[in-house]
Amino acid sequence: MHPNYERCSNCKSRNTIHYGKRTRTFKMLPVGNTKVEMSVSIPRLHCNDCGSIRQPDLPFADPKKHYVRALKRYVIDLCRLASIRDVAQITGLSWDTVKDIHKEYLQKKYKSINLKTVRRIAIDEKYLGKKRKFITIVFDLDMGRVIHVGNGKGKDALKGFWKRLKTSKAKIKAVATDMASGYIFAVMDNLPKAELVLDHFHLVKWFNEKLTRLRRQMFNEADLIGKKILKGSRWLLLKCPENLKIHSQQNKDERYRLQQALELNQPLATAYYMKERLRLLFECASENNARTELYNWIKEAESSGIRILKEAARQLRIWRRLILNWYKYPISTGKVEAANRKIGTLQRNAYGYRDEEYLMLRIYHLHKSNYSLTG
């Protein structure tokens, strides 16, 4: 070893003497499919200043590591393009070593996240299974990145985020969320000046659940012929009319089967018609048109005499302003849903993450992953 590197690793003094040596083997960058290793004889140094006996710091490897820094950088680059299992196979390192390298890199990268420029965000939850239950995701809609991962769901999962947001002095203009009351109240309490936008996909999904309940009720009350017609009609009721498949045989023609189910029961037909009007609400030419349409929808639902529609009308009266905010800020939680799908794929690839911190770091890093997250 060159004399310039023979410093005490504890106090950096050059006042050292050799106190034996040790041969260490380091993994190098692979050459094609060939794994390369390097054996180096490293002296042990006795420091006359601090009295410690240690190996000197190496210019090509970190302390207590069995691989060189060049291989470490290579692993970090590969992790953007391939799964941990593939990177381990390419480099000849173990799965755990690759994970530790990537985790250390992510810890430094996401030690602090700059929130000062954040303007529009979306909030949603993700179910991680029986062990971890739910996490809450906050997504920066302008930058396309996850900026907060909280354990659980509801307002408690956002406490840490509000503190960081206040410290950063970010000026949030709009927030998209679903109809979960915990998120709605948390946003109103902590971001009173921001416009809260109810996600329209969740809104339609919410009404579809009511439509499904009505169909189930109609099925239970129907006679044998009615049950035969209503059987299998659930997905037909939830589908957009333009997506219904046309077939030459009547029993396979989805439009014909849906028409049969609607002709069988007037309340079901009315609820289906109202569902379509609610779905098309966001295609109105202007906010004024949408406001008029929503007002008419609520009035018709209230006077329909159908309990499920009357319940929906009462709730939509409460949400009306939040729904119409979409015309000021046309945002949704769609990007969070896409991130949630990637999180599910991450879990399947690793057969579940035992290291919860690493999973959270990978979620923060989702927007930097350039591969399909398969295999």
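Residues numbered from 1 in each chain as written. Predicted model: local features only at pLDDT ≥ 70, side-chain atom pairs only at ≥ 80, totals over all residues. Heavy atoms only, no water.

Turning our eyes to something else, we now look at the overall build of the chain. When its secondary structure is counted, the chain shows 14 helices and eight strands. Burial statistics for the chain: of 375 residues in total, 46% are counted as buried. In the chain, 59% of the contacts between residues at least 6 apart in sequence involve partners at least 24 apart. Split by element, the accessible area of the chain, about 20,900 Å² in all, is 51% carbon and sulfur. (Helix = DSSP H or I, 4+ residues; strand = E, 2+ residues; numbered from the N terminus. Buried < 20%, exposed > 50% of the residue type's maximum accessible area, 1.4 Å probe, protein only. Contact = heavy atoms within 4.5 Å. Areas by Shrake-Rupley, 256 points an atom, 1.4 Å probe, with all protein chains shown as cover.)

Side chains of nonpolar character tend, in soluble globular proteins, to be buried together. Core analysis: the biggest nonpolar cluster contains 100 residues, and Leu 316 and Ile 363 have the highest contact counts within it. If one sorts the elements of this core by residue count, helix 12 (residues 307-324) sits on top with nine residues. When sequence neighbours within four positions are dropped, the list of residues in contact with Ile 363 reads Ile 135, Ile 137, Val 146, Val 149 and Ile 343. (Core = buried A, V, L, I, M, F, W, Y, C linked by side-chain atoms within 4.5 Å.)

As a further point, take the sheet that holds strand 1 (residues 16-27). Spatially, 1-2-3 is the arrangement adopted by the three strands of the open sheet, whose pairing is antiparallel. With one partner strand each, in any of the chains shown, strand 1 and strand 3 (53-54) form the two edges of the open sheet. Pairing of strand 1 with strand 2 (residues 37-47), which is carried by 10 bridges, proceeds in the antiparallel orientation. What sits directly across from Arg 24, in strand 2, is Val 40. (Pairing = 2+ DSSP bridges.)

What follows concerns the state of the cysteines. According to the stated counting rule, one finds zero disulfides in the structure shown. With no disulfide of its own, Cys 47 lies closest to Cys 11 among cysteine sulfurs, the gap being 3.5 Å. Here Cys 47 falls in the buried class, since its relative accessible area comes to 1%. (Disulfide = S-S within 2.5 Å.)

Okay, the pattern of salt bridges next. Summed over the entire model, instances satisfying the criterion amount to 22 salt bridges. Here Glu 37 ties to Lys 27 by a salt bridge, and the two come within 3.2 Å at their closest N and O atoms. Of this pair, Glu 37 sits in strand 2 while Lys 27 sits in strand 1, and the two are 10 residues apart along the sequence. Asp 62 serves as the salt-bridge partner of Arg 69, at 2.7 Å between the closest nitrogen and oxygen. Using a relative accessible area of 29% as the deciding quantity, one classes Arg 69 as partly exposed. (Salt bridge = Lys/Arg side-chain N within 4 Å of Asp/Glu carboxyl O.)

With that settled, the discussion passes to the packing of aromatic side chains. According to the stated counting rule, one finds eight aromatic pairs in the structure shown. Judged by centre distance (6.0 Å) and plane angle (20°), the rings of Tyr 110 and Tyr 364 are stacked. A residue pair is termed long-range when its members are at least 10 positions apart, and Tyr 110 in the loop between helix 3 (95-109) and strand 4 (120-127) and Tyr 364 in helix 14 (residues 356-364) qualify at 254 residues. With a centroid separation of 5.3 Å and 55° between ring planes, the pair formed by Phe 161 and Trp 162 is classed as tilted. What makes Phe 161 buried here is its relative accessible area of 0%. Since its relative accessible area comes to 10%, Trp 162 is described here as buried. (Phe/Tyr/Trp six-rings, centres within 6.5 Å; stacked < 30°, edge-to-face > 60°.)

As a further point, take helix 11 (residues 287-302). An ideal rise of 1.5 Å per residue puts 22 Å on 16 residues; helix 11 measures up with 22 Å between its terminal C-alpha atoms. Regarding helix 11, the residues found buried are Ala 290, Leu 294, Trp 297, Ile 298 and Ala 301. Axial view of helix 11: buried residues confined to an arc of 95°, hence all on one face. (Expected span 1.5 Å × (residues − 1). Arc of directions from axis to C-beta.)

Moving on to the packing of helix 1 (residues 69-78) against helix 2 (residues 84-91). Put simply, helix 1 and helix 2 touch, their axes get as near as 10 Å, and they point 145° apart. Two packed elements cross with a definite hand, and for helix 1 against helix 2 that hand is right-handed. Seen from helix 1, the contacting residues are Leu 71, Tyr 74, Val 75 and Leu 78; seen from helix 2, they are Val 87, Ile 90 and Thr 91. Of the residues assigned to the contact of helix 1 with helix 2, the class counts are six nonpolar, one polar and no charged. (Axes fitted to C-alpha atoms, helices over the stretch in contact; angles between N-to-C directions. Left-handed = near helix turned anticlockwise from the far one by under 90°. Nonpolar A, V, L, I, M, F, W, Y, C, P; charged D, E, K, R; others polar.)

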